[in-house]
Amino acid sequence: MTKLRIGVIGASGYTGADLIRLAAAHPNIEIGPLAAGAHAGQTLAEVFPHLGRVEAPTLTRAEETDWRGCDAVFSGLPHGAAQDIIKSLPEDLRVIDMSADFRLRDASVYEQWYGRAHEAQDLLAEAVYGLTEFYGPEIAEARLVACPGCYPTAVLLALLPLLSAGLIVADDIIIDAKSGISGAGRALKQNTLFAEAGEGLSPYAIGAHRHGPEIDQEISRAAGRDIVASFTPHLVPMSRGELVTCHVRLAEGVTVGDLRASLDSRYHDAAFAHLLPEGRVPATQHVRGSNHFIVNVFPDRLPGRAVVIGALDNLVKGSAGQALQNFNLMFGLPETTGLEQQPLFP
Ligand SMILES: NC(=O)C1=CN([C@@H]2O[C@H](COP(=O)(O)OP(=O)(O)OC[C@H]3O[C@@H](n4cnc5c(N)ncnc54)[C@H](OP(=O)(O)O)[C@@H]3O)[C@@H](O)[C@H]2O)C=CC1
Ligand SMILES: CC(=O)N[C@@H](CCC(=O)OP(=O)(O)O)C(=O)O
């Protein structure tokens, strides 16, 4: 079987680790160079004991890594560092970026939310937004794919079909989102220490999270005009998983059944996005470790409103899994290759 050689930048981080875990079981992938920052010089087994049986070279610094012979590179770097390193990669390498650096089409919006001017605007102009279920044909042709943030992936998969069909009122969307702590990455941070996050539930970046403009960009496109959603994330004491509870107002004459019918028709044949049977509650423990996104719609107590709830694993469908799904499309492989595993439960 033909193998494609991949490299991973940010191989010592959480998204990098899950990418390597998935890639190791992918029948068409040969794992090539792995790049890191402070962990350069260590073996994969030293950095991640759970990956100790994966055959892979010792981690190297990105700028010293030899990418020759690679077909694609996955990047799991923090935003900022991602654009600096990606712009220096050989031009014949296809790149699947998991950071936020190439998601916002407008460089001035990037500067406003990420606190620095975008320094790879030519690449930004060619990047394709990697929400696989909605940009498949463009992803297949892209050189650079910008995988969506974990929260935007869940919110957009839940809402885009409803907005495109005009079934919900675009100006009245309230998103209450919750993420496991791995969403914050592996680097040490005070707010993700066990003693500070292990037994509490806390909102953060209220009204000011950088995924707000990313969500707005895509829902505006679906609605056909500029709209803004209310978005409040919360940190939940679990290692992985993400749940988005979207409070929406039904358009005139629309029922909850119409929302379900719309999601059903959009995702009926989708490999990784699923409308649950009526009444079944989406929960993070039902998608853990898998590339599946599950969604359902419930009537609200408030007349004329509905609650759309979606769940995914932030490190799989929310980053590394979606990245691999995009890789499959880019190289003409079945979308599901290497991603067939069922969720890990309990
Ligand atoms: N965690 C999640 O659920 C999701 C994360 N993302 C995004 O994916 C990206 C990676 O996230 P995540 O894996 O969680 O982050 P981590 O903090 O776990 O890992 C970051 C990685 O980047 C490397 N790195 C950091 N700075 C530099 C640098 N200046 N030069 C070279 N390498 C560097 C680190 O290497 P070292 O440790 O060796 O220094 C590490 O390998 C981020 O942009 C994040 O926002 C997107 C969706 C979901
Ligand atoms: C729990 C937690 O901290 N989550 C991260 C989102 C992870 C992600 O998708 O970030 P990028 O947009 O940088 O890719 C956060 O809120 O910043």
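Residues numbered from 1 in each chain as written. Chains lettered and ligands numbered in written order. Predicted model: local features only at pLDDT ≥ 70, side-chain atom pairs only at ≥ 80, totals over all residues.

A word on the UniProt feature "active site" (unreviewed entry) in the protein
In the numbering used here, UniProt assigns the feature "active site" (unreviewed entry) to Cys 150. Here Cys 150 lies in helix 7 (residues 150–164). Overall, Cys 150 belongs to the buried group, with 29 C-beta atoms counted inside 10 Å. With near-sequence residues (within four places) excluded, Cys 150 lies in contact with Ser 179, Gly 183, Glu 242, Asn 314, Gly 318 and Ser 319. (UniProt positions renumbered as here; feature names shortened; annotations may be inferred. Helix = DSSP H or I, 4+ residues; strand = E, 2+ residues; numbered from the N terminus. Buried ≥ 20, exposed ≤ 12 C-beta atoms within 10 Å, placed from the backbone. Contact = placed C-beta atoms within 7 Å.)

Let's talk about the site of ligand 2
Around ligand 2, the surrounding shell consists of His 79, Ser 99, Ala 100, Gly 149, Cys 150, Ser 179, Gly 183, Ala 184, His 211, Pro 233 and Leu 235. Partitioned by chemical class, the residues of the shell around ligand 2 number five nonpolar, six polar and no charged. (Near = placed C-beta within 6 Å. Nonpolar A, V, L, I, M, F, W, Y, C, P; charged D, E, K, R; others polar.)

Focus: the domain arrangement of the protein
As assigned here, the protein comprises domain 1 (4–126) and domain 2 (151–316). Taken over C-alpha atoms, the centre of domain 1 sits 26 Å from the centre of domain 2. Taken together, the contact between domain 1 and domain 2 spans eleven residues of the former and nine residues of the latter. Contributions of two or more residues to the side of domain 1 that touches domain 2 are made by helix 1 (14–24) and helix 4 (107–114). (Domains from an automatic or database assignment.)

Notes on the site of ligand 1
The immediate surroundings of ligand 1 are formed by 31 residues, with Gly 13, Gly 37, His 39, Ser 99 and Gly 185 found nearest. Within the residue set of the shell around ligand 1, elements represented by two or more residues are helix 1 and helix 11 (316–330). Per element, the largest residue contribution to the shell around ligand 1 is three residues, and it comes from helix 1.

Looking at the sheet that holds strand 3 (residues 60–61)
Judged by pairing direction, the sheet is parallel, and its seven strands sit side by side in the order 3-2-1-4-5-7-6 without closing on themselves. A single partner strand is all that each edge strand has here, and the edge strands are strand 3 and strand 6 (128–129). Across four bridges, the pairing between strand 1 (residues 4–9) and strand 4 (residues 72–75) is parallel. Looking at the pairing, Val 8 lines up with Phe 74 of strand 4. (Pairing = 2+ DSSP bridges.)

Thoughts on the UniProt feature "domain: Semialdehyde dehydrogenase NAD-binding" (unreviewed entry) in the protein
Here the UniProt feature "domain: Semialdehyde dehydrogenase NAD-binding" (unreviewed entry) sits at residues 5–142. Secondary structure across residues 5–142 divides into 33% helix and 18% strand, with the first and last C-alpha atoms of the span separated by 18 Å.

Some points on unusual backbone geometry
Of the consecutive residues Phe 345 and Pro 346, the connecting peptide bond is found in the cis state with omega at 0 degrees. Mapped onto the secondary structure, Pro 346 falls in the segment after helix 11. One non-glycine residue, Ala 205, lies in positive phi territory at about 45 degrees. Secondary-structure assignment places Ala 205 in the loop between strand 9 (202–203) and helix 9 (211–223). By the C-beta count within 10 Å, which is 12 here, Ala 205 ends up exposed.

Focus: the pairing of strand 5 (residues 94–97)
A two-sided burial pattern is seen for strand 5, the buried positions comprising Arg 94 and Ile 96 on one face and Val 95 and Asp 97 on the other. Of the strand pairs in this sheet, strand 4 and strand 5 are connected by four bridges, and their pairing is parallel. Each bridged residue has a counterpart across the sheet, and for Ser 75 the counterpart in strand 5 is Asp 97. On the question of chirality, the crossover connecting strand 4 to the parallel strand 5 by way of helix 3 (residues 81–86) is right-handed. Pairing between strand 5 and strand 7 (residues 144–146): three bridges, direction parallel. Bridged to Ile 96 within strand 7 is Val 145. (Right-handed = clockwise from strand over helix to strand, strands pointing away.)

Points about the nonpolar core
Counting residues in each nonpolar core, the largest one holds 95 residues, and the members touching the most others are Val 155, Leu 159 and Val 308. Examining the composition of this core, we find that eleven residues originate from one element, helix 7, more than from any other. If you count residues domain by domain, this core takes at least three from each of domain 1 (4–126) and domain 2 (151–316). (Core = buried A, V, L, I, M, F, W, Y, C linked by C-beta atoms within 7 Å.)

Some details on the confidence of the model for the protein
Across the protein, pLDDT averages 97, with 100% of residues at or above 70. Reported confidence for the predicted complex is 0.98 by ipTM and 0.98 by pTM. (pLDDT = per-residue confidence, 0-100.)

A closer look at the pairing of strand 14 (residues 305–312)
Of all eight residues in strand 14, six are buried; the element is thus mostly enclosed. Strand direction decides the pairing type here: strand 11 (residues 242–250) and strand 14, joined by eight bridges, are antiparallel. Bridge assignment links Arg 249 to a residue of strand 14, and that residue is Arg 305. Between the end of strand 13 (residues 293–299) and the start of strand 14, which pair antiparallel, lie five residues, with Gly 304 showing a positive phi angle near 80 degrees.

Considerations on helix 1
Burial runs high along helix 1: nine of the eleven residues are buried. Residues of helix 1 that are buried: Tyr 14, Thr 15, Gly 16, Ala 17, Asp 18, Leu 19, Ile 20, Leu 22 and Ala 23. Against strand 1, strand 2 (29–36), strand 4 and helix 11 lie the buried residues of helix 1.

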